[in-house]
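Here's the letter readout for the chains.
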Amino acid sequence: MENYLVSVIKQFEYYKSLGDKTFNQLTFEEIQWQSNEDSNSISIIVKHIVGNMLSRWTHFLTEDGEKTWRHRDAEFKDTYTSFEDLIASWESGWACLFSALKSLKSEDLERIIYIRNQGHTVTEALNRQLAHYPYHIGQIVFLGKLLKGNQWQSLSIPKGNSSKYNEEKFSKAKERRHFTDNL
């Protein structure tokens, strides 16, 4: 189970990096763009992810994951005033998550924790968030790609380069490693 914890941390690091690489391609104005009043900008999605992270991962093993101080509905109003403000918030959410994850031990994985009074094993809670955050980070990447159009720098294998990428991978000896190693 120690491998599971290492793998989960690497997965979260990978998805954080996709967000980071998207932000690096955008202006603050693009990050705040909304297609209409009811849609979420990248900025709003970030605010929601951060709110969720701080609530879920603060005192992860001992308190309900939906904190009384969280105001989820307020997460859907863009209040960031600068790119630096948004990035500082983004980093604070991830720091909270990684701090909680790095404190876990294999024996914690079967412990029961609660989110809105619903019991989860720690493993189930990790899997829940490992599905939730990539869902929203996919939205962030999609919006970034939409906004940049032809200027978008691919975050994975660029179209038309699959054969070249596979050729490089298959030219190396088989080994056990996480797919995010060497990214």
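Residues numbered from 1 in each chain as written. Predicted model: local features only at pLDDT ≥ 70, side-chain atom pairs only at ≥ 80, totals over all residues. Heavy atoms only, no water.

Chemist: Summarise the overall build of the protein chain; cite the residues concerned and give the values.
Modeler: If you tally the helices and strands in the protein chain, you get six helices and two strands. When the helices and strands of the protein chain are listed from N to C terminus, the series reads α-α-α-α-β-β-α-α. The principal-axis extent of the C-alpha atoms belonging to the protein chain is close to 50 × 50 × 25 Å. A buried classification covers 43% of the 183 residues belonging to the protein chain. In the protein chain, the proportion of contacts linking residues at least 24 apart, taken out of those at least 6 apart, comes to 74%. Within the protein chain, one finds 23 positive and 24 negative side-chain charges whose respective centroids are separated by 5 Å. (Helix = DSSP H or I, 4+ residues; strand = E, 2+ residues; numbered from the N terminus. Buried < 20%, exposed > 50% of the residue type's maximum accessible area, 1.4 Å probe, protein only. Contact = heavy atoms within 4.5 Å. Lys, Arg positive; Asp, Glu negative; His and termini not counted. Charge placed at Lys NZ, Arg CZ, Asp CG, Glu CD.)

Chemist: With reference to specific residues and values, describe the environment of Tyr114.
Modeler: As for its placement among the helices and strands, Tyr114 is situated in strand β1 (residues 112–115). Once you skip the residues sitting within four places of it in the chain, Tyr114 turns out to touch Glu63, Asp64, Gly65 and Gly119.

Chemist: Just give me the short version of helix α4 (residues 83–103), but keep the residues and values in it.
Modeler: Given a rise of 1.5 Å per residue, 21 residues ought to cover 30 Å, and the 30 Å separating the end C-alpha atoms of α4 matches this to within 8%. Of the surrounding elements, those touching the buried residues of α4 are α1 (2–23), α2 (28–31), α3 (42–57) and α5 (122–148). (Expected span 1.5 Å × (residues − 1).)

Chemist: So what's going on with the nonpolar core? Residues and values would help.
Modeler: If you look at the biggest cluster of nonpolar residues, it comprises 42 residues, and the most contacted ones within it are Phe12, Val46, Trp57, Leu97, Leu101 and Leu126. Residue assignment for this core shows that the elements contributing at least two residues are α1, α2, α3, α4, β1 and α5. Counting residues per element, this core draws most heavily on α5, at nine residues. Among residues more than four places away in sequence, those in contact with Leu101 are Val8, Ile9, Phe12, Trp57 and Leu126. (Core = buried A, V, L, I, M, F, W, Y, C linked by side-chain atoms within 4.5 Å.)

Chemist: Explain the packing of α1 against α4 to me, and be specific about the residues and the numbers.
Modeler: For the pair α1 and α4, interaxial distance at closest approach is 11 Å and the crossing angle is 175°. By the criterion of interaxial angle, the relationship of α1 to α4 is roughly antiparallel. On α4, the residues touching Val8, Ile9, Phe12, Glu13, Lys16, Gly19, Asp20 and Phe23 of α1 are Phe83, Ile87, Trp90, Glu91, Trp94, Leu97, Phe98, Leu101 and Lys102. Taken together, the residues of the contact of α1 with α4 sort by class into 11 nonpolar, one polar and five charged. (Axes fitted to C-alpha atoms, helices over the stretch in contact; angles between N-to-C directions. Parallel < 35°, antiparallel > 145°, perpendicular 65-115°, else oblique. Nonpolar A, V, L, I, M, F, W, Y, C, P; charged D, E, K, R; others polar.)

Chemist: Hey, could you go over the packing of α1 against α5 for me, with residue numbers and the actual values?
Modeler: Where α1 meets α5, the axes come as close as 9 Å, and the angle between the chain directions of the two elements is 20°. Relative to α5, the element α1 is oriented roughly parallel. For the crossing formed where α1 meets α5, the hand is left-handed. Contacts between α1 and α5 involve Tyr4, Leu5, Val8, Gln11, Phe12, Tyr15, Lys16, Leu18, Gly19, Thr22 and Phe23 from the former and Thr123, Leu126, Asn127, Gln129, Leu130, Tyr133, Pro134, Ile137, Ile140, Val141 and Gly144 from the latter. (Left-handed = near helix turned anticlockwise from the far one by under 90°.)

Chemist: Kindly report on the pattern of salt bridges, identifying the contributing residues and their values.
Modeler: A full pass over the atoms with the stated rule returns nine salt bridges. Here the residues in one salt-bridge network are Arg56, Glu66, Arg70, Glu75 and Arg116, joined through shared partners. (Salt bridge = Lys/Arg side-chain N within 4 Å of Asp/Glu carboxyl O.)

Chemist: Tell me about the environment of Tyr14, residues and numbers included.
Modeler: With respect to the element layout, Tyr14 can be found in helix α1. Between the alpha carbons of Tyr14 and Leu61 there is a distance of 24 Å; along the sequence they are 47 residues apart.

Chemist: How would you sum up a nonpolar patch on the surface? Please name residues and give values.
Modeler: A grouping of Trp33, Phe142 and Leu146 is seen on the molecular surface, where their side chains present a nonpolar patch of about 330 Å² in accessible area. Among the secondary structure elements, Leu146 is positioned in helix α5. (Patch = residues over 30% accessible without salt bridge, like charges linked within 9 Å, V, L, I, M, F, W, Y side chains within 5 Å. Areas by Shrake-Rupley, 256 points an atom, 1.4 Å probe, with all protein chains shown as cover.)

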